[in-house]
Amino acid sequence: MVCNKGSGQAAQCEVRRARQGEVRGRKRKTAKKDIIKQYRKLIAVLPNICSKTKVSKQSVVEEAIIYIEELQKQLLNNVEKQEECENWENRKTNKSDEENL
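Since this is a predicted model, take the numbers as computed values, not measurements. All residue numbers here refer to positions counted from 1 along the written sequence of the relevant chain. This being a predicted model, a pLDDT of at least 70 is required before a residue's local features are given, and a value of 80 or more before pairs of side-chain atoms are given or counted; all residues contribute to the totals for chains, interfaces and linings. To obtain the side-chain values, all non-hydrogen atoms of the structure were used and water was disregarded.

1. So, the overall build of the protein
Logical step 1: The helix count covers DSSP runs of H or I at least four residues long, the strand count covers runs of E at least two residues long, and both are numbered beginning at the N terminus. Across its full length, the protein carries two helices and zero strands.
Logical step 2: Exposure classes here rest on a 1.4 Å probe applied to the protein chains alone. A residue is buried below 20% of its type maximum, exposed above 50%, and partly exposed in between. Split into buried and exposed, the 101 residues of the protein put 8% on the buried side.
Logical step 3: The contact rule is simple, with two residues in contact once any of their heavy atoms fall within 4.5 Å. At a minimum sequence separation of 6, the contacts of the protein that also span at least 24 residues come to 0%.
Logical step 4: Calculation of accessible area relied on Shrake-Rupley with a 1.4 Å probe; when residues are assessed, cover is drawn exclusively from the protein chains displayed. Accessible surface computed for the protein: about 9,400 Å², of which carbon and sulfur atoms make up 52%.

Here it is in structure tokens:
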């Protein structure tokens with residue numbers, strides 16, 4: 001709809017624009033609140049950051065990366081240990097099967 005100055009339509013357009021601006025503003029505020037909420041969750045799960053102290057966003061991201069890398073190493077170690085145990089059990093089972101033959 002084209003707004004012509006001096007007509008009743010112009011006032012309606014202004015009202016519509018104002019409402020759209022309010023909606024955009026609310027969406028931005030909601031998005032910002034969501035980001036802050038997720039940021040606080042991230043800080044809460046990082047063991048090397050105290051959530052009571054003020055920390056830069058860069059430090060939080062760096063610590064998150066370090067923590068994820070540590071978790072990946074732990075996971076790989078656990079998988080390797082599990083595979084070693086399974087291999088050992090398989091060898092033990094194979095030896096007992098051979099002895100029974």
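2. Quick word on a negative patch on the surface
Logical step 1: For patches, a residue must show more than 30% relative accessible area and have no salt bridge; joins then use 9 Å for like charges and 5 Å for nonpolar side chains, namely Val, Leu, Ile, Met, Phe, Trp and Tyr. A pair is scored as a salt bridge if a Lys or Arg side-chain nitrogen falls within 4 Å of a carboxyl oxygen belonging to Asp or Glu. Charged residues are defined here as Lys and Arg on the positive side and Asp and Glu on the negative side; His and the ends of the chain fall outside this count. By convention, the point assigned to a charge is CZ for Arg, NZ for Lys, CD for Glu and CG for Asp. A contiguous patch of negative charge, built from E80, E83, E84, E86 and E89, is present on the exposed surface.
Logical step 2: Secondary-structure assignment places E89 in helix α2 (residues 57–100).

3. Some points on the pattern of salt bridges
Should the charged atoms of two oppositely charged side chains come close, the side chains can pair.
Logical step 1: According to the stated counting rule, one finds one salt bridge in the structure shown.
Logical step 2: Linking E22 and R26 is a salt bridge whose minimum nitrogen-to-oxygen distance equals 3.9 Å. Here R26 and E22 lie together in helix α1 (residues 8–45), a separation of four residues that amounts to about one turn.

4. Side note on the environment of V61
Logical step 1: Tracing the backbone through its elements, the reader meets V61 in helix α2.
Logical step 2: Accessibility expressed as a relative area gives 45% for V61, which makes it partly exposed.
Logical step 3: As a C-alpha pair, V61 and L46 span 15 residues in sequence and 10.0 Å in three-dimensional space.

5. Notes on the nonpolar core
Logical step 1: The term nonpolar core refers to a set of buried residues drawn from Ala, Val, Leu, Ile, Met, Phe, Trp, Tyr and Cys, joined through side-chain atoms within 4.5 Å. One finds I43, L46, I49, V60 and A64 forming the largest nonpolar core, which totals five residues.
Logical step 2: Dropping the residues within four chain positions of it, A64 is found in contact with L42 and L46.

6. Some remarks on the environment of V45
Logical step 1: Of note, V45 is situated in helix α1.
Logical step 2: Along the primary structure V45 and A64 are separated by 19 residues, whereas in three dimensions their C-alpha atoms are 8.9 Å apart.

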